[in-house]
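Coordinates in review
This is what each chain is made of:
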Amino acid sequence: MEKFIELITQMNSFDLIQVIFWGLAGAISFYFSIGNARVWTSISIGFFLIFLSQAYGINPWGHYQKLTAFHYIVGTVAIMMITHGFLEYYVFCRTFEISGNKLVVYMSTLGILAASAGFLIINPTPSPNTIRNIRMVENAIWVFLCVMNMELVRKIYLAIKGSDISKGFIAFGLVFLLIFLWRGSELYLQVFQWDRDWQDILTLMTDEVSDIDQYMGRVEFSREVRRYAGLLSGVSVGATFSYIYRLLK
Amino acid sequence: MFLLPKGNPLFENLAVTKLKLPEVLSKLSTGSFTGYSSFVFQASTVILVFEAGKLVSALFEDRNGKRQNGFEALTTLAELMVTSGSGTMNVYKLSKDLTMCIHALLEGETLYKAQELKLIDINSLLKRIKDDQLNGCLRIYTQDHSAMIFYKEGNPLGFFHDGSSDIETSSSESQKIAGLPGAKIDLFTTQSVEEIMGINLLEVTNIQKIWDNSVAINQSELEKTSKDRQERDTKLVSVRLYELEEQVKVIVGEYVGRVGRGIVDKELSENGGNSCLIDDAGFVKFLNGVERAAKLLISGTNIKLMVEKLNLAITDAKSGF
């Protein structure tokens, strides 16, 4: 507990607020998944998993590299679950077919996470560079699937326009736009090796020199976009689920 | 219509629908019946005259005065017995002589028809009947009254007039009608009893075949009518179901939005078409499906209102089926 409090006090206050908002959003979305139709389960579990992936900063065992890598894998699973949920919702809008049950979704998610953990356990401890690669893959998947989800959300909105919940999908569109900015800016920094992880690797492990000083303006801008978009994403997810909950009540 | 003396009634007011013509004729024939049988329908009457079990006359007359006799009359009688659904049969036993006179009235040779009484010499006519030893019937009538005098070999057998049920011996009523202004006469003659006995319609017609044919035609008509009715009913039900389906789509669309129609279509196709709307178990399944889909789109309050409205619409519609 002491270590947990120590970690929190060491954390950047902005990052801490972000984690707290993702915690609230995760709690709301998880609660939403319990009382609602099966199609919502994947979506809400996905958003709940974002909190888990973001919580590595307050994880007392976060210094274990395998656990850090696991946080990023959880983040990848999160967006895949969300996308799966929106795809199912889109299929429902076109065919009105509702199949499967919640337990299968919960168990499948647990199974995927267990398999990911197993993958990390049976492989060598990931180096800081490997962890950064995993994080970059996560961000790439997030960016790609956010664009896809924005298109899905648009199509769903057009299909169900006029129903109580249709405006909730506009809110989801905003959520994915913010997540796209958040993850996109992070990916941008990673692709050009201007991210903090790479800077640490350069300083500690190599003799290479970074060109970050030449592009400090765009780096700072991207960092700010990442910070604020990340924070607003958490806020928007919590607000969107609260709004949808109210619409469906 | 025919107005004939009743003689000795053997059966009266038997329901025709329970009778079969071949059996009736067979019974009257084997019982050597003499007299006549009348079949009274709503708009027509058929008289069958028997002489010692032989069917000597068959006459059909409808309300408009249209007449048929012989084979045609028997065919029409069979058709009427099969199709009318109502009607009564009476059987009256008469003497041979009177039966002969009835035959004359129905199918005999017409010597005078609608002859105004004041234009003829009634005494010479009566003399002629006597002199020629005519067998037959002299009918004296006005627009409102009618009387008949039956003759055998020129001698009156008896008098019959409307309002009486049997032959009378008094000529007073006949004379009274003859004295009325505008009185007319018909004179029908026939051959002797012995000659009439040579005729037997039962021998020259296949009653069983006529009956079977009428039954078959009627059966076919009934089947056709039933089929037509079924088709009409099916069409009507189909139209009503379509209207109900539209009503349901409007209600669901009102709450769910434009995807409502699609949800209804999908649930109807999964539950065997729109007939499930008027089937208790089918409607429950349909409603559960619509509710399940609506949960993804609208609030619980609106779902409750929508279900109430659907239940009301279905209950109303069911009373019309």
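Everything quoted here is computed from the prediction, not taken from an experiment.

1. Things to note about a nonpolar patch on the surface
All names here are of chain A. Residues I17, I20, F21, L24, Y228, L232 and V235 make up a contiguous nonpolar surface patch of about 590 Å² in total accessible area. Elements with a minimum of two residues in the nonpolar patch: α2 (13–35) and α9 (216–248). A per-element tally of the nonpolar patch places α2 first, with four residues. Tracing the chain through its elements places I17 in helix α2.

2. Details of the sheet that holds strand β8 (residues 135–141) of chain B
All names here are of chain B. Judged by pairing direction, the sheet is antiparallel, and its five strands sit side by side in the order β7-β11-β8-β9-β10 without closing on themselves. Both outer strands of the open sheet, β7 (109–116) and β10 (155–161), are each paired with one neighbouring strand and no more. Within the sheet, the average angular offset between the axes of one strand and its neighbour, ignoring direction, is 15°. Relative to β10, strand β9 (residues 146–152) runs antiparallel, the two being bridged by six bridges. Bridging from a neighbouring strand, F150 pairs with G158 of β10. Each of β7, β8, β9, β10 and β11 (184–190) is contacted by helix α3 (residues 96–107), which is oriented at about 120° to β9, the strand it contacts most.

3. What about the sheet that holds strand β3 (residues 44–51) of chain B?
All names here are of chain B. Pairing is antiparallel in the open sheet, where six strands are placed in the order β1-β6-β2-β3-β4-β5. Single-partner strands in this sheet number two, and they are β1 (8–15) and β5 (67–69). This sheet shows a mean twist of 15° between the axes of neighbouring strands, independent of strand direction. Where helix α2 (residues 70–83) meets the sheet, its contacts fall on β2 (35–40), β3, β4 (54–62) and β5, and the angle it forms with β4 comes to roughly 65°.

4. A few points about the domain arrangement of chain B
By the assigned domains, chain B splits into domain 1 (8–205) and domain 2 (231–318). For domain 1 of chain B versus domain 2 of chain B, the separation of C-alpha centres amounts to 69 Å.

5. Section: the interface of chain A and chain B
The interface is formed by 21 residues belonging to chain A together with 19 residues belonging to chain B. Carbon and sulfur atoms make up 58% of the surface buried where chain A meets chain B, a total of about 1,500 Å² over both sides. Counting every contact that joins chain A to chain B gives eight residue pairs in polar contact (both at pLDDT 80 or more). Secondary structure elements with two or more residues in the side of chain A that touches chain B: α3 (38–54), α4 (65–95), α6 (128–160) and α9 of chain A. For the side of chain A that touches chain B, the element with the highest residue contribution is α4(A), accounting for four residues. Taken together, the residues of the side of chain A that touches chain B sort by class into 14 nonpolar, three polar and four charged.

6. What about the packing of α2(B) against helix α8 (residues 207–256) of chain B?
Residues and elements named next belong to chain B. It is the contact of α2 with α8, at a shortest axis distance of 9 Å, that shows an interaxial angle of 40°. Comparing the axis directions of α2 and α8 gives the class oblique. Relative to α8, α2 is oriented so that their crossing is right-handed. Each of F71, L74, T75, A78, E79, M81, V82 and T83 in α2 lies in contact with α8, whose residues at this interface are I207, I210, W211, S214, V215 and N218. In terms of residue class, the contact of α2 with α8 is built from nine nonpolar, four polar and one charged.

7. Comments concerning the nonpolar core
With 79 residues, the main nonpolar core has A:W40, A:F47, A:F86, A:Y89 and B:L297 as its most contacted residues. Looking at this core element by element, the count peaks at 14 residues for α4(A). Residues in contact with A:W40, not counting those within four places in the same chain, are A:F32, A:Y89, A:I165, A:F169, A:F172, A:I244, A:L248 and B:L296. Ranked by size, the runner-up nonpolar core spans 28 residues in total, among them B:L28, B:V46, B:L48 and B:L77.

8. Focus: the packing of aromatic side chains
Two numbers describe a pair of aromatic rings. These are the distance of the centres and the angle of the planes. As enumerated under the stated definition, the model contains 22 aromatic pairs over all chains in all. Between A:F169 and A:F172 the ring centres are 5.9 Å apart and the planes differ by 55°, which places this aromatic pair in the tilted class. A residue pair is termed a helical-turn pair when its members lie 3 or 4 positions apart in one helix, as A:F169 and A:F172 do in helix α7 (residues 166–191) at three residues. In this structure A:F169 comes out as buried when scored by relative accessible area, which is 1%. Residue A:F172 is classed as buried on the basis of its relative accessible area, which comes to 1%. Directly above the ring of A:W182 sits A:R183, whose terminal nitrogen or CZ lies 4.3 Å from the centroid. Across the ring face of B:Y141, the terminal group of B:R139 is positioned such that the distance to the ring centre comes to 4.5 Å.

Scoring rules and cut-offs
- Residues numbered from 1 in each chain as written.
- Chains lettered and ligands numbered in written order.
- Predicted model: local features only at pLDDT ≥ 70, side-chain atom pairs only at ≥ 80, totals over all residues.
- Heavy atoms only, no water.
- Patch = residues over 30% accessible without salt bridge, like charges linked within 9 Å, V, L, I, M, F, W, Y side chains within 5 Å.
- Areas by Shrake-Rupley, 256 points an atom, 1.4 Å probe, with all protein chains shown as cover.
- Salt bridge = Lys/Arg side-chain N within 4 Å of Asp/Glu carboxyl O.
- Helix = DSSP H or I, 4+ residues; strand = E, 2+ residues; numbered from the N terminus.
- Pairing = 2+ DSSP bridges.
- Axes fitted to C-alpha atoms, helices over the stretch in contact; angles between N-to-C directions.
- Contact = heavy atoms within 4.5 Å.
- Domains from an automatic or database assignment.
- Buried area = accessible area lost by both parts, 1.4 Å probe.
- Polar contact = N/O pair within 3.5 Å; in protein donor to acceptor, adjacent residues only side chain to side chain.
- Nonpolar A, V, L, I, M, F, W, Y, C, P; charged D, E, K, R; others polar.
- Parallel < 35°, antiparallel > 145°, perpendicular 65-115°, else oblique.
- Left-handed = near helix turned anticlockwise from the far one by under 90°.
- Core = buried A, V, L, I, M, F, W, Y, C linked by side-chain atoms within 4.5 Å.
- Buried < 20%, exposed > 50% of the residue type's maximum accessible area, 1.4 Å probe, protein only.
- Phe/Tyr/Trp six-rings, centres within 6.5 Å; stacked < 30°, edge-to-face > 60°.
- Lys NZ or Arg CZ within 6 Å of the ring centre and 35° of its normal.

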